[in-house]
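# Chain and residue survey
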Amino acid sequence: MPSNRSAVAALRKLEADQAALDQRKQQLEEQAALELGRVILGTGLETFSKKGLSRVAMELGKLGEEGALRKLVPSASSSSRSGQTPSE
């Protein structure tokens, strides 16, 4: 019987660990959302509808950073390789 009790104790510990991880994940998601929101504010994207912003973000995510920059700002990919920003 001791092995059954130790399995039950291990399961309880695992459940407690999972609850702590879920809480930590929620905190990190909230922090990430704040970081992303700060980046977006002032760019004009804050005027998009939630649905529109979500669609844009999904499509940009599919393209990846370099692919999105090539499509949106064709000269950005060549200037980023040379170490220049588009405003330089």
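Given the structure is predicted, the values throughout are model-derived calculations rather than measurements.

Let us look at the overall build of the protein chain. Helix and strand counts for the protein chain come out as 3 helices and 0 strands. Going residue by residue from the N terminus, the α and β elements of the protein chain occur as α-α-α. Burial statistics for the protein chain: of 88 residues in total, 6% are counted as buried. Of the roughly 7,700 Å² of accessible surface on the protein chain, a fraction of 59% belongs to carbon and sulfur atoms.

This part takes up the layout of surface pockets. Counted as a void, the largest pocket has a volume near 240 Å³. As for the largest pocket, its lining consists of Leu36, Val39, Ile40, Leu45, Leu53, Val56, Ala57, Leu60 and Gly61. Looking at the lining of the largest pocket, the elements with two or more residues in it are helix H1 (2-40) and helix H2 (50-72). It is H2 that provides the largest number of residues to the lining of the largest pocket, a total of 5 residues. Taken together, the residues of the lining of the largest pocket sort by class into 8 nonpolar, 1 polar and no charged.

With that out of the way, let us pick up the pattern of salt bridges. This structure, assessed with the given rule, holds 3 salt bridges. Between Lys13 and Asp17 there is a salt bridge; the shortest N-O distance is 3.0 Å. Here Lys13 and its partner Asp17 are both found in helix H1, 4 residues apart, which amounts to about one turn of the helix. We classify Lys13 as exposed; its relative accessible area is 52%. Linking Lys62 and Glu59 is a salt bridge whose minimum nitrogen-to-oxygen distance equals 3.3 Å. One end of the pair is Lys62 and the other is Glu59, both in helix H2 and 3 residues apart, which spans about a single turn.

What follows concerns the confidence of the model for the protein chain. Detailed reading of the predicted coordinates is not advisable wherever pLDDT is low. Overall, the prediction assigns the protein chain a mean pLDDT of 87, with 82% of residues at 70 or greater. Mean pLDDT across the secondary structure elements of the protein chain bottoms out at helix H3 (residues 74-81), with 60, and peaks at H2, with 95.

The rules we used
- Here the residue numbering is sequential within each chain, running from 1 through the sequence in written order.
- Per-residue local features of the predicted model are confined to residues with pLDDT of at least 70, and side-chain atom pairs are confined, for both listing and counting, to 80 or more; whole-chain, interface and lining totals are unaffected and use all residues.
- Water and hydrogen atoms play no part in the side-chain values, which are based on all heavy atoms of the structure.
- Each helix is a run of DSSP H or I of at least 4 residues and each strand a run of E of at least 2, with the numbering of both proceeding from the N terminus.
- Think of it in three bands: with a 1.4 Å probe and only protein chains considered, a residue is buried below 20% of the maximum accessible area for its type, exposed above 50%, and partly exposed in between.
- Here the open area of atoms and residues is found with the Shrake-Rupley method and a 1.4 Å probe, where only the protein chains shown may cover a residue.
- Buriedness for pockets is judged along seven lines, at least five of which must meet protein on both sides within 12 Å for an open set on the 1 Å grid over protein atoms alone, while cavities are sets there where a 1.4 Å probe fits but cannot get out, and lining residues have an atom within 4 Å of a point.
- Grid points are joined across faces, edges and corners, and a volume is the space filled by probe spheres set on the points.
- Gly counts as polar in this scheme, as do all residues outside two lists: the nonpolar Ala, Val, Leu, Ile, Met, Phe, Trp, Tyr, Cys and Pro, and the charged Asp, Glu, Lys and Arg.
- We define a salt bridge as a side-chain nitrogen of Lys or Arg found within 4 Å of a carboxyl oxygen belonging to Asp or Glu.
- Confidence scores per residue from the predictor, reported as pLDDT, run from 0 to 100.

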